[in-house]
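Letter by letter, the chains look like this.
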Amino acid sequence: MTVTVHPAPALAGSPVLPPDKSIAHRAAIFAALASGVSEIVGFSEAEDPQSTLSCLRQLGVEMEERDGSLFITGRGPGGLRTPEAPLDCGNSGTTMRLLAGVLAGLPFESVLTGDASLSGRPMERIAAPLREMGADISLTDGHAPITIRGRELTPITYRLPVASAQVKSAVLLAGLSARGETTVVETEPSRDHTERMLGLDAIDFDGERHVSIEGGREIRARLRVVPKDVSAASFFLVAGALAEDGVIEMSGVGLNPSRTALIDVLGAMGAKITTMHERDYAGEPLANLRVEASGGLVGVEIGGAIIPNLIDEIPVLAVTAAHASGQTVIRDAAELRVKETDRIAVTAEFLRAMGATIEERSDGLVIQGGTPLRGAEVHARGDHRIAMAAAIAALSASGATTIHGAEAASVSFPGFWDALDAVAGKGTVSMDGA
Ligand code: S3P
């Protein structure tokens, strides 16, 4: 699908955001492993969490949608069934890596596959600790397809070599079926939804964070509520801040502190963002967000421990930086090169096509802001966050921008194009050149 986005100086409205993708995956997996029926309120229609559901169905998990909730009947410890075919994780790294952790300790063989993008992403990072626990895992040249022959696992203490919540969660999920206590040590904190949802304590010790799980621990079926996705909100926060006029409000947004660094960085750049009606629901903080046309943003330098907190938001941060005055430097973000695309290269590609001055570094980007962007023909390269970041850049460019591969947005935000059209004024976004 090709989408054309026209410039829109004024934005206003209250876009409805999709449910948080990271929390949705985990809510479904933990419900499937629990004993009893869990109700998940606000499950996501996005393609990635739907990939998790279809894999769980193949593992014998029953679920039904009723009154706007998803009810999942858990199969209890060790209760998942041998799948009859490979489990297709689609584009979803979280599905593949978390399920690998679950399957490593179950007594059957399974195969995890994915689309071309997912089949190019590194999987040794989960295979290594799972093998250390005794799992029998074969990769295809370091990638998916992954064949897992489940075994009895031994607990380990694992120091994460990369800050990754997916690797952390895979090890903790494998730890559920190990005999004894498995510990993951992080030197840079990554998102902590797994710990919160499983009620695991984390201990900070000598600048490191230790999270432990006791094998054989039962997961209780419970009501789980999925807040709106702060990563999806980030596109509208940037759009609202860069607009010449108007206010955008978003309600019920998950504001887990391990996910909100972009809001702080945008604030430091001069964006006028207000957090309202802060509350806690089912162990996750939520709030309403308001952003107003901000004007006069300035460049920033970011790197170090903050990076995992805003890793998914860097493409849209680069768009902000292109409009800000002065230089923005993003370092320590080499992980971006192994996301759905090489997001350092692909972000530089679309912003350069739009006239930005942007330089690729091995671990980040340097952007000289302030050159006005112009409409161009750009490619999402199959990456949802690139499709949406390019659309936000297009709103404040001169002339129309054509985005090829715009359908990728549905991986995390199925209603994105309509939501954008609604805040920017009908007709700003046209599909297939219509
Ligand atoms: C996620 C963790 C992050 C993030 C991804 C979702 C998760 O990946 O980029 O979009 O839900 O655990 P890594 O764990 O590979 O950093």
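Criteria and cut-off values
- Residues numbered from 1 in each chain as written.
- Predicted model: local features only at pLDDT ≥ 70, side-chain atom pairs only at ≥ 80, totals over all residues.
- Heavy atoms only, no water.
- UniProt positions renumbered as here; feature names shortened; annotations may be inferred.
- Domains from an automatic or database assignment.
- Contact = heavy atoms within 4.5 Å.
- Buried area = accessible area lost by both parts, 1.4 Å probe.
- Salt bridge = Lys/Arg side-chain N within 4 Å of Asp/Glu carboxyl O.
- Polar contact = N/O pair within 3.5 Å; in protein donor to acceptor, adjacent residues only side chain to side chain.
- Helix = DSSP H or I, 4+ residues; strand = E, 2+ residues; numbered from the N terminus.
- Nonpolar A, V, L, I, M, F, W, Y, C, P; charged D, E, K, R; others polar.
- Pairing = 2+ DSSP bridges.
- Axes fitted to C-alpha atoms, helices over the stretch in contact; angles between N-to-C directions.
- Core = buried A, V, L, I, M, F, W, Y, C linked by side-chain atoms within 4.5 Å.
- Buried < 20%, exposed > 50% of the residue type's maximum accessible area, 1.4 Å probe, protein only.
- Lys, Arg positive; Asp, Glu negative; His and termini not counted.
- Patch = residues over 30% accessible without salt bridge, like charges linked within 9 Å, V, L, I, M, F, W, Y side chains within 5 Å.
- Areas by Shrake-Rupley, 256 points an atom, 1.4 Å probe, with all protein chains shown as cover.

- As recorded in an unreviewed UniProt entry, the protein chain goes by the name 3-phosphoshikimate 1-carboxyvinyltransferase, listed as coming from Rubricoccus marinus.
- Looking at the protein chain in UniProt, the text filed under Pathway (unreviewed entry) is "Metabolic intermediate biosynthesis; chorismate biosynthesis; chorismate from D-erythrose 4-phosphate and phosphoenolpyruvate: step 6/7."
- Taken from UniProt, the Sequence similarities (unreviewed entry) comment for the protein chain reads in full: "Belongs to the EPSP synthase family."

## Some details on the domain arrangement of the protein chain
Move 1: Entries for the protein chain in the domain assignment read domain 1 (2-19 + 227-432) and domain 2 (21-221).
Move 2: The gap between the C-alpha centroids of domain 1 and domain 2 is 29 Å.
Move 3: Listed as interface residues are 26 residues of domain 1 and, on the opposing side, 25 residues of domain 2.
Move 4: Contact between domain 1 and domain 2 buries roughly 2,100 Å² in total, counting both sides, with carbon and sulfur atoms accounting for 48%.
Move 5: Put simply, domain 1 and domain 2 have three salt bridges between them.
Move 6: Note that Asp312 and Arg191 form a salt bridge whose closest N and O atoms lie 3.3 Å from each other.
Move 7: Our count for the domain 1 to domain 2 interface comes out at 15 residue pairs in polar contact (both at pLDDT 80 or more).
Move 8: Mapped onto the side of domain 1 that touches domain 2, the elements with two or more residues apiece are β16 (284-292) and α12 (384-395).
Move 9: A class-by-class count of the residues in the side of domain 1 that touches domain 2 yields 11 nonpolar, seven polar and eight charged.

## Regarding the sheet that holds strand β5 (residues 87-88)
Sheet strands line up and pair through hydrogen bonds in the backbone, either parallel or antiparallel.
Move 1: Taken together, four strands build an open sheet; the order of strands is β5-β6-β8-β7 and the sheet is mixed. Looking along the sheet, the strands with just one partner apiece sit at the ends: β5 and β7 (136-140).
Move 2: In this structure, β5 lies alongside strand β6 (residues 109-113), joined through two bridges in parallel fashion. The residue bridging Asp88 from the neighbouring strand is Thr113, located in β6.
Move 3: Lying on the sheet, helix α3 (residues 93-103) is in contact with β5, β6 and β8 (143-149); it crosses β6 at an angle near 175°.

## Things to note about the UniProt feature "binding site: 3-phosphoshikimate" (unreviewed entry) in the protein chain
Move 1: Per the UniProt record, "binding site: 3-phosphoshikimate" (unreviewed entry) is found at Lys21, Ser22, Arg26, Ser164, Gln166, Asp312 and Lys339.
Move 2: Mapped onto the elements, Arg26 comes out in helix α1 (residues 21-33).
Move 3: Beyond its immediate stretch of four places on either side in the chain, Arg26 contacts Thr94, Leu98, Ala165, Ser169, His193, Thr194 and Met197.
Move 4: Inspection of the secondary structure assignment puts Gln166 in helix α5 (residues 165-176).
Move 5: One polar contact links Gln166 to Thr94, side chain to side chain, over a distance of 2.8 Å.

## Focus: the nonpolar core
A general feature of soluble globular proteins is that nonpolar side chains tend to end up buried together.
Move 1: Phe236, Phe350, Leu351, Ile392, Phe416 and Trp417 are the most contacted members of the largest nonpolar core, which has 83 residues in total.
Move 2: Excluding its chain neighbours within four sequence positions, the residues that come into contact with Leu351 are Ala318, Val319, Ala322, Ala356, Ile358, Leu373 and Ala393.
Move 3: Core analysis: the second largest hydrophobic core is formed by 65 residues, Met133, Ala144, Ile156 and Ala178 among them.

## What to know about the side chain of Lys339
Move 1: By the secondary structure assignment, Lys339 is in the loop between β18 (327-330) and α11 (343-353).
Move 2: Within the buried core, Lys339 has no salt-bridge partner, and the shortest N-O distance to an opposite charge, that of Asp312, equals 4.4 Å.
Move 3: Setting aside residues up to four positions removed in sequence, Lys339 forms contacts with Arg121, Ile311 and Asp312.

## Focus: the environment of Ala387
Move 1: The residue Ala387 is located in helix α12 in this model.
Move 2: For Ala387 and Lys339, which are 48 residues apart along the polypeptide, the C-alpha to C-alpha distance reads 14 Å.
Move 3: Those residues in contact with Ala387, other than ones at most four positions away along the chain, are Ala380, Ile403, Gly405, Ala406, Ala409 and Trp417.

## Looking at a nonpolar patch on the surface
Move 1: Together, Val41, Leu223 and Tyr281 make up a nonpolar patch on the protein surface, roughly 250 Å² of accessible area in all.
Move 2: Along the polypeptide, Val41 turns up in strand β2 (residues 35-41).
Move 3: Taking relative accessible area as the criterion, Val41 reaches 31% and is therefore assigned partly exposed.

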